[in-house]
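Here is what each chain is made of, one letter per residue.
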Amino acid sequence: MSLFHLIAPSGYCINQQAALRGVQRLIESGHQVDNAAVIGRRDQRFAGSDAERLADVNGLARLMTPDTIVMPVRGGYGASRLLESIDWQALIARQQANPLLICGHSDFTVIQSALLALGKVITFSGPMLAANFGAEEMNTFTERHFWRALCNAQFTVEWQGNGPTCETGGTLWGGNLAMLVSLIGTPWMPAIENGVLVLEDINEHPFRVERMLLQLYHAGILARQNALILGSFSGSAPNDYDAGYDLDAVYAFLRSRLSIPVVTGLDFGHEQRTVTLPLGAHAVLKNGENGSQLTLSGHPVLKS
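All of the points below concern the structure found in this document. (Residues numbered from 1 in each chain as written. Predicted model: local features only at pLDDT ≥ 70, side-chain atom pairs only at ≥ 80, totals over all residues. Heavy atoms only, no water.)

### Let's talk about the overall build of the protein
- When helices and strands are tallied, the protein shows 9 helices and 13 strands.
- Taking 304 residues into account, the globule formula puts the C-alpha radius of gyration at 19 Å, and the protein, at 18 Å, falls close to it.
- Across its three principal axes, the protein shows a C-alpha extent of roughly 50 × 40 × 40 Å.
- The long-range share in the protein, meaning contacts at least 24 apart out of those at least 6 apart in sequence, stands at 81%.
- Carbon together with sulfur atoms contributes 48% to the accessible area of the protein, which is approximately 12700 Å² in total. (Helix = DSSP H or I, 4+ residues; strand = E, 2+ residues; numbered from the N terminus. Rg over C-alpha atoms; globule rule 2.2 N^0.38 Å. Contact = heavy atoms within 4.5 Å. Areas by Shrake-Rupley, 256 points an atom, 1.4 Å probe, with all protein chains shown as cover.)

Structure (structure tokens):
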């Protein structure tokens, strides 16, 4: 069984009951959970003051317990305020010596991206405490894929994707689209060449999704990749004004501008049903008549 070390670098957890249910579910499954005091911490909309939330992240460099899974309570907003003050050198050195298994998504993408950009540190984009492990009923697909990613040095994710026939690969990177776009032009944006970029988001209208994807396109980032995988975009329903303009229209427009394969339909993002992906690992993408396959390797795993 594993130790889950909780951090709260972003927003205050409004749904306290869900977070506590997540802790209880993990304990009942035989795991240990520490640092649970961060669940109730609050300063304005944030999960504590900037100093408190910064201490959560910097403290990971001194966390020496083996086989530890680090997990944010939730996303929201707040991690961006910490980037210039995080002790990246210490945290990267800790990860290179004996990596913690760090898993989260949403707002946490900026910290994950910075670790990859500055130290080639691999983290996992996957479930968090409140929304996933604290759901009224834990999604079995999500739970199965979480442990598959953290326990297997090589694993494959399969889905019925939409996109051209292709077989390619490279460094897997990405996460939340809005958070990644917010890092363009900063030291914390990974400079990945010939990679496989995977993106997702929540509560963004299709035109906002398109605008952010075009920012990546105009910055030359998309053209430098070998493939683009698009996960779930929850809460992106078009309205009457759109007159048929939806996510499929966004994808078609994007494909008209790109020469790299764009594969959609992956269960990855803010949905209850989501895969877990090691950002910074080596990926091999295959897409064809029989569906899509993404094989990941080179990431840290639990030793016991």
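### Quick notes on the pairing of strand S1 (residues 3-7)
- Most of S1 sits out of view: 5 of its 5 residues are buried.
- Of the two faces of S1, the one carrying Leu3, His5 and Ile7 and the one carrying Phe4 and Leu6 are both buried.
- In terms of strand pairing, S1 meets strand S2 (residues 32-34) through 3 bridges, oriented parallel. Within S2, the residue paired with Phe4 across the bridge is Val33.
- The parallel pair S1 and S2, bridged by helix H1 (residues 16-28), forms a crossover whose chirality is right-handed.
- Alignment of S1 against strand S3 (residues 68-72), held across 5 bridges, turns out to be parallel. The residue bridging Leu6 from the neighbouring strand is Met71, located in S3. (Buried < 20%, exposed > 50% of the residue type's maximum accessible area, 1.4 Å probe, protein only. Pairing = 2+ DSSP bridges. Right-handed = clockwise from strand over helix to strand, strands pointing away.)

### A closer look at the side chain of Arg94
- Note on placement: Arg94 falls in helix H3 (residues 88-97).
- For the buried residue Arg94, which engages in no salt bridge, the nearest side chain bearing the opposite charge is Asp67, 9.2 Å off.
- A polar contact of 2.6 Å, which involves the side chain of Arg94, links it to the backbone oxygen of Leu63.
- Setting aside anything within four residues of it in sequence, one finds Arg94 in contact with Leu60, Ala61, Leu63, Met64, Thr65, Pro99 and Leu100. (Lys, Arg positive; Asp, Glu negative; His and termini not counted. Salt bridge = Lys/Arg side-chain N within 4 Å of Asp/Glu carboxyl O. Polar contact = N/O pair within 3.5 Å; in protein donor to acceptor, adjacent residues only side chain to side chain.)

### Focus: the sheet that holds strand S4 (residues 101-104)
- Pairing is mixed in the open sheet, where 6 strands are placed in the order S2-S1-S3-S4-S5-S11. With partners counted over all chains shown, the strands left at the sheet margins are S2 and strand S11 (277-279), one partner each. Averaged over all neighbouring strand pairs, the angle between strand axes comes to 30°, with direction disregarded.
- In this fold helix H6 (residues 140-151) packs onto S1, S3, S4 and strand S5 (123-125), with an angle of close to 135° to the strand it touches most, S3. (Axes fitted to C-alpha atoms, helices over the stretch in contact; angles between N-to-C directions.)

That is the geometry; function is a separate question.
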